[in-house]
Amino acid sequence: MPPVYTQTQLLIVGGGPGGYVAAIRAAQLGIKTILVEGAALGGTCLNVGCIPSKALIHAAEAYAQARAQAAGRSALGIRASGVELDLATTLDWKDSIVAKLTGGVGALLKKHGVTVVKGWAELIDGKTVEVRQPGIDSGDAPQRIQCEHLLLAAGSQEVELPFLPFGAGEGRVVSSTEALVFSTVPKQLVVVGAGYIGLELGTAWRKLGAEVTVVEAQERILPGYDAELVKPVAQSLARLGLKTMLAHRVEGLNAAGTALTVRDPQGALLELPADKILVAVGRRPRSEGWGLERLMLDMNGRAVKVDAQCRTSMKNVWAIGDLTGEPLLAHRAMAQGELVAELIAGHPGRFEPAAIPAVCFTDPEIVSAGHTPDSAEAEGAQRGFKVVQALFPFAANGRALSLEAPEGFVRVVARADNHLILGWQAVGAAVSELSAAFGLSLEMGARLEDVAHTIHSHPTLGEAVQECCLRALGQALHI
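Note that the coordinates shown come from a computational prediction; the quantities given were computed from them, not determined experimentally.

### Some words on unusual backbone geometry
Okay, so step 1: Cis peptide bonds are those with omega within 30 degrees of zero, and the linkage from Glu 326 to Pro 327 qualifies with -5 degrees.
Okay, so step 2: The step from Asp 363 to Pro 364 runs through a cis peptide bond, and the omega angle for that step is 0 degrees.
Okay, so step 3: Positive phi, normally seen in glycine, also occurs at Ala 247, with a value near 55 degrees.
Okay, so step 4: Relative to the assigned elements, Ala 247 resides in the loop between strand S11 (243-246) and strand S12 (249-253).
Okay, so step 5: One non-glycine residue, Asn 316, lies in positive phi territory at about 65 degrees.

### Structural notes on the sheet that holds strand S13 (residues 259-263)
Okay, so step 1: Sheet architecture is open: three strands sit in the order S12-S13-S14, paired in antiparallel fashion. Here the strands that pair on one side only, and so sit at the sheet edges, are S12 and strand S14 (269-273). Here the strands of the sheet are splayed against their neighbours by 30 degrees on average, with no regard to which way each runs.
Okay, so step 2: Sheet topology note: the S12/S13 ladder contains four bridges and is antiparallel. Residue pairing across strands places Arg 249 opposite Arg 263, the latter belonging to S13.

### A closer look at the pairing of strand S21 (residues 365-370)
Okay, so step 1: Burial within S21 is extensive, with five of its six residues counted as buried.
Okay, so step 2: Where strand S20 (residues 358-360) lies against S21, three bridges are found, and the strand directions are antiparallel. Counted as the bridge partner of Val 359 is Val 367 from S21.
Okay, so step 3: Count of turn residues in the S20/S21 antiparallel hairpin: four residues.
Okay, so step 4: One ladder, built from six bridges, connects S21 with strand S24 (residues 421-428); its direction is antiparallel. Counterpart to Glu 365 in the pairing with S24 is Gly 428.

### Some points on the sheet that holds strand S10 (residues 211-216)
Okay, so step 1: Spatial strand order, S8-S15-S9-S10-S11: five strands in an open sheet with parallel pairing. The two strands at the open ends of the sheet, each matched to only one other strand, are strand S8 (173-174) and S11.
Okay, so step 2: Examined bridge by bridge, S10 and S11 share four bridges and lie parallel to one another. The residue of S11 that forms the bridge with Val 215 is Met 245.
Okay, so step 3: Contacts from helix H6 (residues 196-207) reach strand S9 (188-192), S10 and strand S15 (276-279), with the element oriented near 165 degrees to S10.

### Re the side chain of Glu 365
Okay, so step 1: Examined against the element boundaries, Glu 365 turns out to sit in strand S21.
Okay, so step 2: The buried charged residue Glu 365 lacks any salt bridge, with Lys 54 as its nearest oppositely charged partner at 8.8 Å.
Okay, so step 3: At a separation of 3.2 Å, a polar atom in the side chain of Glu 365 contacts the main-chain amide nitrogen of Val 431.
Okay, so step 4: For Glu 365, the contacting residues outside a window of four places in its chain are Cys 360, Ala 426, Val 427, Gly 428, Ala 430, Val 431 and Ser 432.

The rules behind these values
Residue numbers restart at each chain and count upward from 1, following the sequence in its written direction. Given that this is a predicted model, residues contribute local features only at a pLDDT of at least 70 and side-chain atom pairs are listed and counted only at 80 or more, while totals for whole chains, interfaces and linings are drawn from all residues. Working from all heavy atoms in the structure, the side-chain values ignore hydrogens and water. The way it works is that DSSP assigns letters per residue, a run of H or I at least four long becomes a helix, a run of E at least two long becomes a strand, and they are numbered from the N terminus. Pairing between two strands requires that DSSP report at least two bridges joining them. Here an axis means a line fitted to C-alpha atoms, over the contact stretch when the element is a helix, while the angle between two N-to-C directions is reported on a 0 to 180 degree scale. Categorising residues by exposure relies on relative accessible area from a 1.4 Å probe, with only protein chains included: less than 20% of the type maximum marks a residue as buried, more than 50% marks it as exposed, and the intermediate range marks it as partly exposed. In this analysis, two residues are considered to be in contact whenever any of their non-hydrogen atoms come within 4.5 Å of each other. When charges are counted, Lys and Arg are positive and Asp and Glu negative, with His and the chain ends excluded. What counts as a salt bridge is simple: a side-chain nitrogen of Lys or Arg found within 4 Å of a carboxyl oxygen of Asp or Glu. Pairs of N or O atoms are called polar contacts if they sit within 3.5 Å, as long as, within protein, a hydrogen donor faces a hydrogen acceptor (for residues adjacent in sequence, only side-chain-to-side-chain pairs).

Here's what the structure looks like:
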């Protein structure tokens with residue numbers, strides 16, 4: 001039976017943060033838009049990533065605080081008793097947040113007139129996509145959509161280790177997706193990978209009562225962040241009783257499939273019994289299984305290569321988000337999606353952000369935007385300028401003390417000659433909320449004086465941002 005064709009100006013493959021934002025903005029600009037998504041709207045971020053993991057992290061912290069109060073460890077004088085965890089209710093609450101947000105995305109797309117096609121996209125060429133309905137094998141004519149512009153926003157997927165495949169050990173080996181929906185708290189959870197995903201979920205399940213061991217091949221946790229930022233997180237893990245095994249190489253499951261075998265730095269083989277083994281060694285672009293190779297686009301490894309306008313090597317074929325490689329961040333994908341919609345509508349623009357803040361939702365949190373001290377020093381050596389940096393500890397911040405969160409600091413990196421701010425880092429409770437201020441100062445080309453002389457509300461964590469710049473200028477007031 002010959003296929004049935006539908007025509008549109010813009011066809012978007014993938015309804016994650018990048019895809020749905022592009023669709024909404026395109027519709028606002030009068031572009032006829034069709035979005036194809038085989039799973040739930042919102043993609044990995046809303047359904048099995050950013051949102052549900054942060055909900056679980058919040059629930060775990062609330063439970064841990066209640067247990068501390070029951071044990072008489074509250075400095076606030078709060079005492080509690082009979083603390084119990086109803087995990088099913090916790091997961092229902094988490095899922096309700098996901099449902100509310102994904103439902104909101106659907107409502108916004110409908111409001112703006114975007115046509116959403118439920119199904120899996122198979123690329124035929126740079127102008128044509130065939131849609132396969134999930135779980136349906138009917139004799140109906142296949143649906144094909146032809147477009148003037150094709151936007152690829154297929155996202156990313158978990159990296160699977162060939163010697164430790166998901167589902168192995170009768171379901172013991174899981175990805176981050178399954179780790180969000182355990183029906184019971186594992187007695188023994190082993191996490192492979194001490195990056196942000198492994199530590200976020202490992203910490204949450206530890207607070208919910210699991211015995212957690214994190215195995216990392218490198219010599220320290222969070223190898224993407226500098227040692228000064230990571231130190232408070234490592235101290236927190238130790239206080240929680242979460243065990244880290246660094247410089248250990250994972251070999252696979254034992255013969256019985258009940259334990260993870262690892263090799264220590266001296267070469268000895270160890271077995272780590274586990275109810276669940278979470279493999280969290282990263283994510284990679286979802287570039288296979290949907291016909292992308294037919295377009296023969298220029299690639300950077302598994303990622304689609306794009307220019308500063310998110311154009312691929314094929315005319316009128318665009319790509320955004322995780323499919324285009326690092327950094328794999330939802331807010332990057334959203335910004336790219338908005339840009340592409342505006343470019344298609346004839347507006348000027350380029351994707352050249354001064355910084356893309358990255359947040360690690362560990363305990364305490366880490367946020368980084370722009371240059372680190374090391375990268376700023378390297379650029380300064382090349383361009384002939386010196387760097388100044390300053391750090392302000394939360395131990396000297398009234399709001400942090402009142403939140404029982406004195407650990408951590410804010411750090412600023414700037415040019416020594418003209419005081420142009422080059423980067424920010426922070427580690428501490430709720431520092432993710434400082435990322436907007438960091439990004440704004442970098443995008444606006446702020447100098448140390450601009451932030452130092454801006455009145456910051458008292459008492460807030462944000463005062464540490466101001467104090468940091470004052471200290472860099474040699475004008476520290478509260479330290």
